[in-house]
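Spelled out from the first residue to the last, the chains are:
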Amino acid sequence: AQSVTQPDIHITVSEGASLELRCNYSYGATPYLFWYVQSPGQGLQLLLKYFSGDTLVQGIKGFEAEFKRSQSSFNLRKPSVHWSDAAEYFCAVGGLASSASKIIFGSGTRLSIRP
Amino acid sequence: GAVVSQHPSRVICKSGTSVKIECRSLDFQATTMFWYRQFPKQSLMLMATSNEGSKATYEQGVEKDKFLINHASLTLSTLTVTSAHPEDSSFYICSASLPTGLNTEAFFGQGTRLTVV
């Protein structure tokens, strides 16, 4: 069965420090992979997506993610976080039932920023 | 990018009543829309796939008679929570995708916060 695992429930980093949020997926075929961010009480914003091609994907707000098939991972990184990055981050996999837009979400990682 | 709009953004209803949530694709036609539910501090759980002109496909454990989905046009899907109870209070989000072959990305609405009192 398709699944997405985000092993870190809550991460706190200092402003200006680097960030890596982990994501592992289980999927039988080539997945479509996404990272979304959600601020409290708000909807979802797409940070970046991987469909095919270059395994290092650049997104908005200075985020990037690297698809590693051998590790079934799609970790999100940012070299220097800002206080405004505090939010909930969801890794997600699509491509289910031949539809990339049917998405299964991970449990989320809450990011806090230490001043 | 494509825009998906949900209405209302917030709604409070009394137990036993029904409430309808609309999901519209504003600048594209969506043959397929998806409905998700998010409980506080939890992830988004897929509830159902809404197909234009046909019956919705519900995920396991989702009561189709309680969560009525109607996708009557290529730009509108509605989710009706019938006989609402306090445990139905949640954040409901829809998504829509462009027709297959043009773009496989899902575009999300801004969500509807339902409170049942």
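Here is a short report on the structure shown in this document. All values reported here derive from a predicted model rather than from experimental measurement. (Residues numbered from 1 in each chain as written. Chains lettered and ligands numbered in written order. Predicted model: local features only at pLDDT ≥ 70, side-chain atom pairs only at ≥ 80, totals over all residues. Heavy atoms only, no water.)

## Describing the state of the cysteines
By the definition in use, this model includes two disulfides over all chains. Across the disulfide from Cys23(A) sits Cys91(A); the S-S distance is 1.9 Å. Judged by the sign of its S-S torsion, about -65 degrees, the bond between Cys23(A) and Cys91(A) is left-handed. With Cys23(A) in the loop between strand E3 (19–21) and strand E4 (24–26) and Cys91(A) in strand E10 (residues 87–94), the pair connects residues that are 68 residues apart, well separated along the chain. Judged by its relative accessible area of 0%, Cys91(A) falls in the buried class. Disulfide partner of Cys23(B): Cys94(B), at an S-S distance of 2.0 Å. Across the S-S bond linking Cys23(B) and Cys94(B), the dihedral sits near 80 degrees, which makes this disulfide right-handed. (Disulfide = S-S within 2.5 Å. Helix = DSSP H or I, 4+ residues; strand = E, 2+ residues; numbered from the N terminus. Buried < 20%, exposed > 50% of the residue type's maximum accessible area, 1.4 Å probe, protein only.)

## Some words on the interface of chain B and chain A
With 21 residues of chain B at the contact, the number on the chain A side is 18 residues. Overall, the association of chain B and chain A removes approximately 1,500 Å² of surface from exposure, summing both partners, and the carbon and sulfur fraction of that is 57%. Our enumeration of links across chain B and chain A arrives at zero salt bridges. For the pair chain B and chain A, the interface holds three residue pairs in polar contact (both at pLDDT 80 or more). Only strand E4 (32–38), strand E5 (44–51), strand E9 (90–97) and strand E10 (106–108) of chain B provide two or more residues apiece to the side of chain B that touches chain A. Among the residues forming the side of chain B that touches chain A, the class breakdown is eight nonpolar, ten polar and three charged. (Contact = heavy atoms within 4.5 Å. Buried area = accessible area lost by both parts, 1.4 Å probe. Salt bridge = Lys/Arg side-chain N within 4 Å of Asp/Glu carboxyl O. Polar contact = N/O pair within 3.5 Å; in protein donor to acceptor, adjacent residues only side chain to side chain. Nonpolar A, V, L, I, M, F, W, Y, C, P; charged D, E, K, R; others polar.)

## Things to note about the pairing of strand E1 (residues 4–7) of chain B
Residues and elements named next belong to chain B. Burial along E1 is one-sided: Val4 and Gln6 are buried, and none of Ser5 and His7, which face the opposite way, are. Here E1 runs beside strand E3 (residues 19–25); their pairing, made up of four bridges, is antiparallel. Each residue of the ladder has a partner; that of Gln6, found in E3, is Cys23. (Pairing = 2+ DSSP bridges.)

## Examining unusual backbone geometry
Cis geometry marks the peptide bond from His7(B) to Pro8(B); its omega dihedral reads 0 degrees. Here the phi dihedral of Lys61(A) falls at roughly 60 degrees; this positive angle occurs in a residue that is not glycine. Following the sequence through the fold, Lys61(A) ends up in the loop between strand E7 (56–58) and strand E8 (64–68). Residue classification places Lys61(A) among the partly exposed residues on the basis of a relative accessible area of 46%.

## Overview of the environment of Ile104(A)
Residues and elements named next belong to chain A. Examined against the element boundaries, Ile104 turns out to sit in strand E11 (residues 104–105). What makes Ile104 partly exposed here is its relative accessible area of 24%. Linking Ile104 and Ser52, residues 52 residues apart in sequence, is a C-alpha distance of 18 Å.

## Some remarks on the packing of aromatic side chains
Applying the stated rule across the entire model yields 15 aromatic pairs over all chains. Taking the centre distance of 6.4 Å and the plane angle of 45 degrees together, the rings of Tyr50(A) and Phe74(A) count as tilted. In this pair, Tyr50(A) is assigned in strand E6 (residues 44–50) and Phe74(A) in strand E9 (residues 73–78), connecting sequence segments 24 residues apart. Like Tyr50(A), the residue Phe74(A) is buried in the burial classification. Note on Tyr36(B) and Phe108(B): the rings are 5.7 Å apart at their centroids and 45 degrees apart in plane angle, and the pair reads as tilted. With a gap of 72 residues between them, Tyr36(B) in strand E4 and Phe108(B) in strand E10 connect regions that are remote in the sequence. For the pair Tyr36(B) and Phe108(B), a shared accessibility class is recorded, and that class is buried. Counting every residue linked through ring pairs, the aromatic cluster contains Tyr32(A), Phe34(A), Tyr36(A), Phe51(A), Phe90(A), Phe105(A), Tyr36(B) and Phe108(B). (Phe/Tyr/Trp six-rings, centres within 6.5 Å; stacked < 30°, edge-to-face > 60°.)

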